[in-house]
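Here is how the chains run, residue by residue.
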Amino acid sequence: MRAGPSQEEIRRHNLGTLLRHVHIGGPASRAVLADRMGLNRSTILGLVSDLASVGLVREELPRDTGRAGRPSLVVRPEPDRAWVLAFDVGVDRLAAARIGLGGVFLDRQEVPWPREGLRAGEVAGILAGFARRMTDAAGHGTCCVGVGAAVRGLVRRPDGLVRSAPNIGWADEEFGGELTRRLDLGLSVSVGNEANLAALAEHLRGAGTGCRDLIYLHGDIGIGGGIIAGGQLLDGDGGYGGEVGHMVVNPRGGRPCGCGAYGCLEAEAGERALLQAARRDPLATGRDAVRAVVDAADRGDISARAALQDVGDWLGIGIAGLVNIFNPGTVIFGGTLREVFLGSAARIRSRINSQALAASRDRLRLRVGELGDDAVLVGAAELAFSDILTGPLEALARATV
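Residues numbered from 1 in each chain as written. Predicted model: local features only at pLDDT ≥ 70, side-chain atom pairs only at ≥ 80, totals over all residues. Heavy atoms only, no water.

Chemist: Which residues make up the nonpolar core, and what are the values?
Modeler: Residues Leu18, Leu19, Ile44, Leu56, Phe385 and Ile388 are the most contacted members of the largest nonpolar core, which totals 45 residues. Take this core: its biggest share by element is six residues, from helix H13 (residues 375-384). (Core = buried A, V, L, I, M, F, W, Y, C linked by side-chain atoms within 4.5 Å. Buried < 20%, exposed > 50% of the residue type's maximum accessible area, 1.4 Å probe, protein only. Helix = DSSP H or I, 4+ residues; strand = E, 2+ residues; numbered from the N terminus.)

Below, the structure is given as structure tokens:
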């Protein structure tokens, strides 16, 4: 018979749970934390004291109560004490951020892709340079407790091998290992797919807060997807789950996709399809090009309007299939799909209504992402915070050795 958890294991779990509550949910009083965790107030006091003694939280008066009488102290995370490094390898930019507890951005650096054909080692070198500058700027007595990175492609768990990222020209690139080696922080890098991590970010801090079942769609050159089911990220057996952009929606006569198939959702509704249908310069790609099509449609441009309607049809068809399978409460549009959705919402909704089961779409909400371009970095940061939110005192001790 397996022995039950020790008192030390229970305390470690409770410390991580309390820190997670204030990290994700924001400042809360001891009474609120006791209610959320099902613990008595004296136990909460001890947990708060332990976390405060190492500088992970502090207690202070609420900033604006709006109530008469003496307000209760609230427990607030200390963003400057323990922070993580988050990286975003996009199709048109490289971004890095230093993010503190509570999801606070402390520093940020970004550059456009320097040139075509950059390999994983070269990208890791650029990001490591960002990290050194941000780490040097951090205050004395602070420490990095984790590193997370997002890539537009198939990422293998747990080593961060990028199996395929056609939109940046990578195949079987040892990105996780390269970035770990070049950072030389004594911390391994957690690498994930960008849409999965953005889905996690919107679920925890954005348009999907409070929704346990959602689908996030992210537009760059292609279309990425992330699925939250029962409050958990659905990432599949090897970490490759959520690739909804490569769901075939047009098997007969569909456009060629970078993955080698034809008629994938990203081939029919991605950036290239939109720009081609709108008769735009095929070399003028990127967010500005997509926004220009949406703006032109708003001004009455017939080609731009037709392009948005066409892309909206394919998005609606794809989403209807996902709704029938997963029955999400919310579908969130991020990246360039935010603009595309705003320009073709009626067409998307019409297709969903005609092709998704009535019961499955009955409570469905369509939303644009609230975190904007920060969603991917926020998600990468949450990946990096996992150790300190599991065992706060142990993770902090390892980081400060």
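There's plenty left to go through after this.
Chemist: I'd like a rundown of the side chain of Arg152, residues and numbers included.
Modeler: The topology assignment puts Arg152 in the loop between strand E7 (143-151) and strand E8 (154-156). Only 2.9 Å separates the side chain of Arg152 from the side chain of Asp220, close enough to count as a polar contact. If near-sequence neighbours (up to four positions away) are discounted, Arg152 is found in contact with Asp88, Val89, Gly90, Val91, Ala165, Glu194, His218, Asp220 and Val376. (Polar contact = N/O pair within 3.5 Å; in protein donor to acceptor, adjacent residues only side chain to side chain. Contact = heavy atoms within 4.5 Å.)

Chemist: Could you give an account of the packing of helix H1 (residues 7-25) against helix H15 (residues 392-399), naming the residues involved and the relevant values?
Modeler: Running from N to C, H1 and H15 point in directions that differ by 80°, and their axes come no closer than 8 Å. Judged by the angle between their axes, H1 and H15 are roughly perpendicular. Across the interface between the two elements, Glu8, Arg12, Leu15, Gly16 and Leu19 of H1 pack against Pro392, Leu393 and Glu394 of H15. Residue classes in the contact of H1 with H15 are distributed as four nonpolar, one polar and three charged. (Axes fitted to C-alpha atoms, helices over the stretch in contact; angles between N-to-C directions. Parallel < 35°, antiparallel > 145°, perpendicular 65-115°, else oblique. Nonpolar A, V, L, I, M, F, W, Y, C, P; charged D, E, K, R; others polar.)

Chemist: So, the environment of Ala128: which residues are in play, and what are the values?
Modeler: Topologically, Ala128 is positioned in helix H4 (residues 120-137). The exposure class assigned to Ala128 is buried, which follows from its relative accessible area of 1%. Sequence separation of Ala128 and Leu179 is 51 residues, and the distance between their C-alpha atoms is 7.1 Å. Excluding its chain neighbours within four sequence positions, the residues that come into contact with Ala128 are Arg182 and Leu183.

Chemist: Tell me about empty space enclosed by the protein, and name the residues and values.
Modeler: A water-sized probe rolled over the atoms picks out the places where empty space is left. The tally for this structure, following the rule as stated, stands at two cavities of 30 Å³ or more. For the largest cavity, the calculated volume is near 60 Å³. Looking at the largest cavity, it is lined by 13 residues, and the ones nearest its centre are Ala269, Gly270, Glu271, Leu337 and Val340. Listing elements by their share of the lining of the largest cavity, those giving two or more residues are helix H8 (271-277) and helix H11 (337-355). Of the residues that constitute the lining of the largest cavity, the class distribution is seven nonpolar, four polar and two charged. (1 Å grid on protein atoms, 1.4 Å probe; cavity = no way out; pocket = protein on both sides within 12 Å on 5 of 7 lines; lining within 4 Å. Points joined across faces, edges and corners; volume = space filled by probe spheres on them.)

Chemist: Before we move on, could you go through the sheet that holds E7 and cite the residues and values that matter?
Modeler: Strand order in the open sheet formed by five strands is E6-E5-E4-E7-E11, with mixed pairing between adjacent strands. Unpaired on one side and paired on the other, strand E6 (104-112) and strand E11 (189-193) mark the two borders of the sheet. Neighbour-to-neighbour, the strand axes of the sheet open up by a mean angle of 20°, direction not taken into account. Sheet topology places strand E4 (residues 82-89) next to strand E5 (residues 93-100); seven bridges connect them, and they run antiparallel. Of the residues in E5, the one forming a bridge with Ala86 is Ala97. (Pairing = 2+ DSSP bridges.)

Chemist: Any details on the packing of helix H2 (residues 30-37) against helix H3 (residues 41-53)? Residues and values, ideally.
Modeler: Think of two packed helices as two axes; the pair is described by the angle between the axes and how far apart they sit. Across the interface, H2 lies against H3 with an axial gap of 9 Å and an inter-helix angle of 110°. When the axis of H2 is compared with that of H3, the two are roughly perpendicular. Contacts from Arg30, Ala31, Leu33, Ala34 and Met37 of H2 reach H3 at Arg41, Ile44, Leu45 and Leu47. Residue composition of the contact of H2 with H3, by class: seven nonpolar, no polar and two charged.

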